[in-house]
Amino acid sequence: MSCFSFTALPIKGLCRVQREHIGDSRGFLSRLFCVDELRAAGWEHPVAQINHTYTARRGTVRGMHFQHPPHAEMKLVSCVRGEVWDVAIDLRAGSPTFLHWYAEHLSEENGSALLIPEGCAHGFQSLTDDAELIYCHSMAYAPQAEGGLNPLDGRLGVSWPLEVVEMSARDSAHPMLDSQFKGLTL
Ligand SMILES: Cc1cn([C@H]2C[C@H](O)[C@@H](COP(=O)(O)OP(=O)(O)O[C@H]3O[C@H](C)C(=O)[C@H](O)[C@H]3O)O2)c(=O)[nH]c1=O
């Protein structure tokens, strides 16, 4: 029995993953990850790390994060509490969708997840207080390879649905892109 259904999105490798709820009178079970099933969506690696974030305030933005090669990673992002507006940006040099962004509503209710390919930055805005995300990563955290784009960068043009009420100092300090930025070569 398949626990996921996949919808390809306008950025190559980006995929909406619908996590099926197996319900009964007690409630439900849903799967967060399955290497056999997710292979069909391009996930070839074992899960290297699973992270959990809690975001207290509606309107908070985290992102836009990525890891430089050779630590470029895939992420499978699921919202297990509240709702977020989840954004991926294509940073792959030469990609026909270079610097294009795409967003999905992920929520506890809709059971959707976003599979983000290597070479894309990820960020989100919480649409509710007390939003919680679970991230499956295909590569371990490599602080020396961390990269970030400014979520408010006009060159990216991400139209956040709510007023941005909070960002980390580090995210606020990400430089704005200039014309020299040619993207990541994977
Ligand atoms: C990713 C990571 C971070 N950290 C440390 C580094 C910082 O001292 C602290 C918070 O990290 P950061 O501000 O990067 O966390 P977020 O801004 O919440 O980033 C998260 O949300 C955005 C949208 C993402 O896409 C990231 O993958 C995800 O980690 O945890 C660790 O110790 N291990 C880790 O695996």
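So, a few notes on the structure that sits alongside this text. (Residues numbered from 1 in each chain as written. Predicted model: local features only at pLDDT ≥ 70, side-chain atom pairs only at ≥ 80, totals over all residues. Heavy atoms only, no water.)

Thoughts on unusual backbone geometry
Link 1 in the chain: The amide bond that connects G63 to the next residue, M64, takes the cis arrangement and shows omega of -5°.
Link 2 in the chain: In the segment running from P69 into P70, the intervening peptide bond is cis, with an omega of 10°.
Link 3 in the chain: Counting through the fold element by element, P70 comes out in the loop between β6 (61-67) and β7 (75-81).
Link 4 in the chain: The backbone of L99 shows a phi angle near 70°, a positive value even though the residue is not glycine.
Link 5 in the chain: Mapping L99 onto the fold places it in the loop between β8 (83-90) and β9 (101-107).
Link 6 in the chain: The residue D130 is not glycine, and still its phi comes out positive at about 55°.
Link 7 in the chain: Position of D130 among the secondary structure elements: in the loop between β11 (120-126) and β12 (131-137).
Link 8 in the chain: The class for D130 is partly exposed, based on a relative accessible area of 25%. (Helix = DSSP H or I, 4+ residues; strand = E, 2+ residues; numbered from the N terminus. Buried < 20%, exposed > 50% of the residue type's maximum accessible area, 1.4 Å probe, protein only.)

What about the side chain of T55?
Link 1 in the chain: Residue placement: T55 occurs in strand β5 (residues 49-55).
Link 2 in the chain: In this structure T55 comes out as buried when scored by relative accessible area, which is 2%.
Link 3 in the chain: In terms of polar contacts, T55 uses its side chain to reach the side chain of R62, at 2.9 Å. (Polar contact = N/O pair within 3.5 Å; in protein donor to acceptor, adjacent residues only side chain to side chain.)

With respect to the packing of aromatic side chains
Aromatic ring pairs are reported here in terms of the distance separating the ring centres and the angle at which the planes meet.
Link 1 in the chain: Counted under the stated rule, the structure contains five aromatic pairs.
Link 2 in the chain: With 5.1 Å between their ring centres and 75° between their planes, F33 and W43 make a pair best called edge-to-face. In this pair, F33 is assigned in the loop between β4 (27-29) and α1 (35-38) and W43 in the loop between α1 and β5, connecting sequence segments ten residues apart.
Link 3 in the chain: For W43, a relative accessible area of 0% translates into the label buried.
Link 4 in the chain: Among the aromatic residues, those joined into a cluster by ring pairs are W85, W101 and W160. (Phe/Tyr/Trp six-rings, centres within 6.5 Å; stacked < 30°, edge-to-face > 60°.)

Examining the nonpolar core
Link 1 in the chain: With 19 residues, the main nonpolar core has V87, I89, L91 and L149 as its most contacted residues.
Link 2 in the chain: Elements with a contribution of two residues or more to this core: β6 and β8.
Link 3 in the chain: Contacts of L91, omitting those with residues within four sequence positions, involve F66, F98, L99, G119, C120, A121, L149, F181, G183 and L184.
Link 4 in the chain: In terms of nonpolar packing, the next biggest core, distinct from the first, is built from 16 residues, L9, L114, C120 and Y135 among them. (Core = buried A, V, L, I, M, F, W, Y, C linked by side-chain atoms within 4.5 Å. Contact = heavy atoms within 4.5 Å.)

Focus on a nonpolar patch on the surface
Link 1 in the chain: A cluster of nonpolar side chains, namely M1, I22 and L29, defines an oily patch on the protein surface of about 350 Å² accessible area.
Link 2 in the chain: Structurally, the position occupied by L29 is in strand β4. (Patch = residues over 30% accessible without salt bridge, like charges linked within 9 Å, V, L, I, M, F, W, Y side chains within 5 Å. Areas by Shrake-Rupley, 256 points an atom, 1.4 Å probe, with all protein chains shown as cover. Salt bridge = Lys/Arg side-chain N within 4 Å of Asp/Glu carboxyl O.)

A short note on the site of the ligand
Link 1 in the chain: Near the ligand there are 14 residues, and of these Q49, R62, K75, H122 and R170 occur at the shortest range.
Link 2 in the chain: Taking N51, its side chain carries an N or O atom lying 3.1 Å from an oxygen atom of the ligand.
Link 3 in the chain: In the environment of the ligand, an oxygen atom lies 2.6 Å from a nitrogen or oxygen atom belonging to the side chain of R170.
Link 4 in the chain: Contact with the protein chains hides 68% of the accessible area of the ligand, taken as 650 Å² for the molecule alone.
Link 5 in the chain: Of all the elements in the fold, those that place two or more residues in the shell around the ligand are β5, β6, β11 and β12.
Link 6 in the chain: Among the residues making up the shell around the ligand, the classes are represented as three nonpolar, seven polar and four charged. (Near = heavy atom within 4 Å. Nonpolar A, V, L, I, M, F, W, Y, C, P; charged D, E, K, R; others polar.)

Digging into the pattern of salt bridges
Link 1 in the chain: On inspection of all chains with the given rule, the structure shows nine salt bridges.
Link 2 in the chain: Across the pair D36 and R39 runs a salt bridge, and its minimum N-O distance is 3.4 Å.
Link 3 in the chain: Judged by relative accessible area, which is 54%, D36 ranks as exposed.
Link 4 in the chain: A relative accessible area of 39% means that R39 is categorised as partly exposed.
Link 5 in the chain: E146 is the salt-bridge partner of R170, the closest N and O atoms lying 2.8 Å from each other. Taken together, the positions of R170 in helix α2 (residues 169-173) and E146 in strand β13 (residues 146-148) put the pair 24 residues apart, joining distant regions of the chain.
Link 6 in the chain: For E146, a relative accessible area of 28% gives the class partly exposed.
Link 7 in the chain: Through salt bridges with shared partners, a single ionic network connects R81, D130 and E132.

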